[in-house]
Each structure stands twice: as C-alpha cells, then as structure tokens.
Amino acid sequence: MSAVALDPPAAAPSLGEALLLEEVETRAMRDMVEAAPAAVRAAGGLSAVERDGALCIRCDALPGSRMFNHVFGLGLDRPARADDLAWAAAAYDGRAHHVALSPAARPAELGGLLAARGYAPGYGWVKFRRGVEPLPAPATDLRVVPADGRHEAAFGAVIAEAFHLPAWAGDWVAAMPGRPGWTCLVALDGATPVSAGGLYVAGGVGWLAFGATLPAHRGRGGQTAILAARIARAAELGCIALAVETGAREPGRAEASYRNIVAAGFEPRYLRPNWASPTG
C-alpha cells in the first residue's frame, strides 16, 4: 500500500463501528447529489447510482477528483461480489475513479478482487471519531453565524475558492444550507464570510463536511470556531458520535488538516485506502 499514516490509527474497526462512521458519510454524499440544481448537474456532469449500500458518485467535469468520482460503502451492508465490482466499474464508463475500502469491508479478500481487476491502492484517508463533548471556542475576532438565505451563496463561494473548485461547484455547495440534516455555518470578518463548514446528521452520527477558510484569512481561528459550533450543534441534536476524514500523514504532504482534527479531540480509527481504477 502506497499510503502509510505516520501516526498509525487504532486496530481495525469492527463492522459495527465502520458502519457507524461510513454510513453517515455515504448518506451525506447521496444527499449532496440529490440537492444539486439542474444547472450544476449539467455543468459538472453529476450523477450517482446506488446498490445495497454502495454509492457511486460521478463528476465528469472533475475527472481527477477522489471526492467526486468515488465509490463509497462497498462491502459493508453485505459482502461484495464480482458482479458488484463490474457494476461499479460500469458506472464510470471507463473514466477514472476511486473505491473507498474500509478495513471492515467484506469479504476480507476484497482488496485482492479489486487488484485482479487492475485497481491499485492509492493515497488513503484516515477516518476519525469523536464524542460530542464541548470544544472551547478559540480566541478569534471572527463571528460564527448560520449560512442562512443571506449567506448561502457566500458559503459555497468560500468553499469553492478555498479548494480551487470551479464556480459551479460553489453553486452546488450553496444548495446545502436549509436542507434537512444539514447545519451550515460561516465565520464573518465584519460582514464578510471568510470561513465555512458543514455538519450532516443521520442516525445519531454527525459528519463534518467542507471545512475551509479563504487563504488571506487563515490562522485567525475561524475553522476552530466553526468546528466548536458544529460539535455543539451535534450535541443539541442528540448525536452519539462525530465522524470526519482527511488525508493520511505522509512525508511531503500538508498536515494542517490532520493536526487540527487531532487537536480537536478526534481519535484516528482506521486508514481507508482509495483504490484507483485502471482507466482514465
């Protein structure tokens, strides 16, 4: 495996824990595709198909994106079969994509089955878990507020700019505020949104999404303030756990996201490799 975390996560999760942490992410990604306006679907070439808990998201306009050309949940609801792998590959019609493979996915030899089809394990994401104990808000001059109707467009624009995504992706993310299950927040510098972050809740678990700050405003505590607010909101909603993921620590790669997550009290639970397709 090419991706090895510098701080190894805990032992392999149980199937129950993997389902707890993975299902909320899969549901959030499904809802994002469902929420996409028609113009965004057309501009991004967005589509999704689902089968027995596995979700294939496709975004033709971002062919190199691990996030948006991705198979989630394979082998968790039930053991994956050879025809499931063929179904997933067909969903991308020869285009590059990745398969997120939880260490609890079944059968145990699923990685070998992917390798036999030409997939290769690539840069992985570490899945983290945390309770909903309060996180003290940092000292910051930014003010956290809901991304309501007044700030919806800015919510999407901040995320698109921070992640170097096209404008239509900002319009896509801007469709999340106000949807059932979503809490979307921005941090304001005066009246200007400069940081953004989302929380999606399903089945008593919260999934942290989107956290981003405009480059000129980083280092001012905006992301930590938004993180504290999301944790507080998850507690209000009765969540029993929070889940988030970020890239594994490797020499030469940025580690700010990983460090911030650990500093906020999240525990790394497992490394989830992204198996790269043989095409594209």
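The structure presented is a predicted model; accordingly, all values stated were derived computationally and were not measured.

Draft legend 1. Quick peek at the overall build of the chain. Across its full length, the chain holds eight helices and eleven strands. In terms of C-alpha radius of gyration, the chain reaches 18 Å, essentially the compact-globule figure of 19 Å for 280 residues. Within the span of the chain, comprising 280 residues, buried residues form 52% of the whole. Looking at the chain, you have 26 positive and 27 negative side-chain charges, and the mean spots of the two groups are 1 Å apart.

Draft legend 2. Molecular detail of empty space enclosed by the protein. Overall, the coordinates contain one cavity of 30 Å³ or more when judged by the stated rule. In this structure, the largest cavity spans a volume of roughly 70 Å³. Taken together, the residues that form the lining of the largest cavity break down as five nonpolar, two polar and five charged.

Draft legend 3. Summary view of the sheet that holds strand β2 (residues 54–59). Ordered by their spatial adjacency, eleven strands build an open sheet running β1-β2-β3-β4-β11-β5-β10-β9-β8-β7-β6, and the pairing between neighbours is mixed. Pairing within the sheet leaves two strands with one partner each, and these edge strands are β1 (46–51) and β6 (143–146). Averaged over neighbouring strand pairs, the angle between their axes works out to 25 degrees when direction is ignored. Relative to β1, helix α3 (residues 82–90) is tilted by about 170 degrees, and along the sheet it contacts β1, β2 and β3 (70–72). Sheet strands in contact with helix α8 (residues 256–263) are β5 (120–130), β10 (241–247) and β11 (267–276), and its direction is about 160 degrees off that of β10.

Draft legend 4. View of the layout of surface pockets. Of the volumes computed, that of the largest pocket is approximately 1,800 Å³. Lining the largest pocket are 49 residues; nearest its centre among them are Phe-163, Gly-211, Glu-245, Thr-246 and Ser-257. Those elements that provide at least two residues to the lining of the largest pocket are α1 (15–35), β5, α5 (152–162), β9 (205–213), α7 (222–236), β10 and α8. A class-by-class count of the residues in the lining of the largest pocket yields 26 nonpolar, 15 polar and eight charged.

Draft legend 5. How the structure looks around the side chain of Glu-245. Structurally, Glu-245 is set in strand β10. Residue classification places Glu-245 among the buried positions, given a relative accessible area of 13%. In terms of polar contacts, Glu-245 uses its side chain to reach the side chain of Lys-127, at 2.7 Å. Side-chain polar atoms of Glu-245 contact the side chain of Trp-207, separated by 2.9 Å. Not counting the four nearest positions on each side in its chain, Glu-245 is found in contact with Glu-25, Trp-125, Val-126, Lys-127, Phe-128, Trp-207 and Arg-272.

Draft legend 6. Main features of unusual backbone geometry. Put simply, Arg-106 and Pro-107 share a cis peptide bond, and its omega is 0 degrees. Following the sequence through the fold, Pro-107 ends up in the loop between β4 (98–100) and α4 (110–116). Non-glycine residue Asp-93 carries a positive phi angle of around 50 degrees. Within the element layout of this structure, Asp-93 appears in the loop between α3 and β4.

Draft legend 7. Main features of the nonpolar core. In this structure, Phe-155, Trp-172, Trp-182, Trp-207 and Phe-210 are the most contacted members of the largest nonpolar core, which totals 62 residues. Broken down by element, this core gets its largest block of residues, eight residues, from α1. Listed in part, the 20 residues of the second largest apolar core include Val-126, Leu-208, Ala-234 and Phe-266.

Draft legend 8. View of the packing of aromatic side chains. Tallying each qualifying case throughout the model produces six aromatic pairs. Seen in terms of ring centroids, Phe-155 and Phe-210 are 5.9 Å apart; in terms of plane orientation they differ by 80 degrees. Their pairing is edge-to-face. Placement of Phe-155 in helix α5 and of Phe-210 in strand β9 is noted, with a sequence separation of 55 residues between them. Classification of Phe-155 as buried rests on a relative accessible area of 0%. According to the relative accessible area criterion, Phe-210 is buried, its value standing at 14%. An angle of 20 degrees between the planes, with centres 6.5 Å apart, marks the rings of Trp-168 and Trp-172 as stacked. Taken together, the residues span about one helical turn, with Trp-168 and Trp-172 both in helix α6 (residues 167–173) at a distance of four residues. Exposure remark for Trp-168: the relative accessible area of 14% places this residue in the buried category. Feature note: the residues Phe-155, Trp-182, Tyr-200 and Phe-210 constitute an aromatic cluster, connected by ring pairs. Sitting over the face of the ring of Phe-266, Arg-130 holds its NZ or CZ atom 6.0 Å from the ring centroid.

What counts, and at which threshold
Residues numbered from 1 in each chain as written. Predicted model: local features only at pLDDT ≥ 70, side-chain atom pairs only at ≥ 80, totals over all residues. Heavy atoms only, no water. Helix = DSSP H or I, 4+ residues; strand = E, 2+ residues; numbered from the N terminus. Rg over C-alpha atoms; globule rule 2.2 N^0.38 Å. Buried < 20%, exposed > 50% of the residue type's maximum accessible area, 1.4 Å probe, protein only. Lys, Arg positive; Asp, Glu negative; His and termini not counted. Charge placed at Lys NZ, Arg CZ, Asp CG, Glu CD. 1 Å grid on protein atoms, 1.4 Å probe; cavity = no way out; pocket = protein on both sides within 12 Å on 5 of 7 lines; lining within 4 Å. Points joined across faces, edges and corners; volume = space filled by probe spheres on them. Nonpolar A, V, L, I, M, F, W, Y, C, P; charged D, E, K, R; others polar. Pairing = 2+ DSSP bridges. Axes fitted to C-alpha atoms, helices over the stretch in contact; angles between N-to-C directions. Contact = heavy atoms within 4.5 Å. Polar contact = N/O pair within 3.5 Å; in protein donor to acceptor, adjacent residues only side chain to side chain. Core = buried A, V, L, I, M, F, W, Y, C linked by side-chain atoms within 4.5 Å. Phe/Tyr/Trp six-rings, centres within 6.5 Å; stacked < 30°, edge-to-face > 60°. Lys NZ or Arg CZ within 6 Å of the ring centre and 35° of its normal.

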